[in-house]
Amino acid sequence: MGYTRDPDWSDGADRPDGPWWTGDDVGGIGFARFFAYTGLLMAIASLVLAIVAPLAGDALRTVWITGFAAASMWLAFMAIPRYRAELVRVSWAVPTTMALGGLTIAIMIYAFAAIAFASVGVQLPAPGHWFGEPAGPTGITA
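Note that the coordinates shown come from a computational prediction; the quantities given were computed from them, not determined experimentally.

Peer 1: Can you tell me about the overall build of the protein chain, naming the residues and giving the values?
Peer 2: Along the protein chain, the regular secondary structure elements total three helices and zero strands. For the protein chain, the sequential pattern of α-helices and β-strands runs α-α-α. The burial tally for the protein chain puts 27% of its 142 residues in the buried class. As presented, the protein chain carries roughly 9,400 Å² of accessible surface, and 68% of it is formed by carbon and sulfur atoms.

Peer 1: Describe the environment of Pro-81, with residues and values.
Peer 2: By the element assignment, Pro-81 lies in helix α2 (residues 59–85). Sequence spacing of Pro-81 and Ala-32 is 49 residues, and the spatial spacing of their C-alpha atoms is 8.1 Å.

Peer 1: Give a description of the side chain of Thr-97 that names residues and reports values.
Peer 2: Mapped onto the fold, Thr-97 is located in helix α3 (residues 93–119). The class of Thr-97 is buried, set by a relative accessible area of 0%. Beyond its immediate chain neighbours, meaning those up to four positions away, Thr-97 contacts Ala-36, Gly-39, Leu-40, Ala-43, Ser-72, Met-73 and Ala-76.

Peer 1: Outline the packing of aromatic side chains, listing residues and values.
Peer 2: Going through the model one piece at a time under the given rule, you end up with five aromatic pairs. Measuring from centroid to centroid gives 5.9 Å for Phe-31 and Phe-35, while their planes differ by 40 degrees, and the two rings are tilted. Residue Phe-31 and its partner Phe-35 are located together in helix α1 (residues 28–52), separated by four residues, close to a single helical turn. One aromatic cluster is present, built from ring pairs that chain together Phe-31, Phe-34 and Phe-35.

Peer 1: Any details on α3? Residues and values, ideally.
Peer 2: Between the first and last C-alpha of α3 there are 39 Å, a value that for 27 residues agrees with the 39 Å anticipated at 1.5 Å per step. If you check which residues of α3 are buried, you get Ala-93, Val-94, Thr-97, Leu-100, Gly-101, Thr-104, Met-108, Ala-111, Ala-114 and Ile-115. At the exit of α3 stands Gly-121, carrying a positive phi of roughly 100 degrees.

Peer 1: Give me the lowdown on the packing of α2 against α3, citing residues and values where you can.
Peer 2: Closest axis-to-axis distance for the α2/α3 pair is 9 Å, and the angle between their directions is 165 degrees. By the angle class used here, α2 and α3 are roughly antiparallel. Crossing geometry of α2 relative to α3 is assigned as left-handed. Residue composition of the contact of α2 with α3, by class: 17 nonpolar, seven polar and no charged.

Peer 1: Hey, could you go over the packing of α1 against α2 for me, with residue numbers and the actual values?
Peer 2: Two numbers describe how α1 lies on α2: the axes approach to 8 Å, and their chain directions differ by 160 degrees. Relative to α2, the element α1 lies roughly antiparallel. Seen from above, α1 lies across α2 with left-handed handedness. In terms of residue class, the contact of α1 with α2 is made up of 18 nonpolar, five polar and two charged.

Peer 1: Now, about unusual backbone geometry: what can you tell me, with residues and values included?
Peer 2: Note on backbone geometry: most residues besides glycine have negative phi, and most peptide bonds are trans. In the Ramachandran plot, Ala-56 falls in the positive-phi region, its phi being about 55 degrees despite a non-glycine side chain. Although it is not a glycine, Leu-87 adopts a positive phi angle of roughly 60 degrees. Of note, Leu-87 is situated in the loop between α2 and α3.

Scoring rules and cut-offs
Residues numbered from 1 in each chain as written. Predicted model: local features only at pLDDT ≥ 70, side-chain atom pairs only at ≥ 80, totals over all residues. Heavy atoms only, no water. Helix = DSSP H or I, 4+ residues; strand = E, 2+ residues; numbered from the N terminus. Buried < 20%, exposed > 50% of the residue type's maximum accessible area, 1.4 Å probe, protein only. Areas by Shrake-Rupley, 256 points an atom, 1.4 Å probe, with all protein chains shown as cover. Contact = heavy atoms within 4.5 Å. Phe/Tyr/Trp six-rings, centres within 6.5 Å; stacked < 30°, edge-to-face > 60°. Expected span 1.5 Å × (residues − 1). Axes fitted to C-alpha atoms, helices over the stretch in contact; angles between N-to-C directions. Parallel < 35°, antiparallel > 145°, perpendicular 65-115°, else oblique. Left-handed = near helix turned anticlockwise from the far one by under 90°. Nonpolar A, V, L, I, M, F, W, Y, C, P; charged D, E, K, R; others polar.

Just geometry here; none of it tells us what the structure is for.
Written out as structure tokens, the structure reads:
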């Protein structure tokens, strides 16, 4: 099943069974749309998480949400060279993803700062679900 070593036979994309990502082809318009709209959906989801997620005073949760926002921006950014290779204008989803991802990251930076300052006694204006609620009694109470 394998090929013999032949100096005239390339291991790149010009081989009939070679991978598409090694040549000049960067995936086409289908991959461009896939990356752009997948990034947009992830950016919307991370923004919703940034607004409604109960952080409960755990600063690590802000890091995870920031990571998802950065990943959505990265996915949308990967669409740009694919649109340009097809000589097509970049979709509106790409700059929208960048804006939503940036907004999410800004919200999470503020949430991280609010949680960090609350740990030393300085209260910044922030929603109550960022700091958690005092634990109530557990078990059955009469």
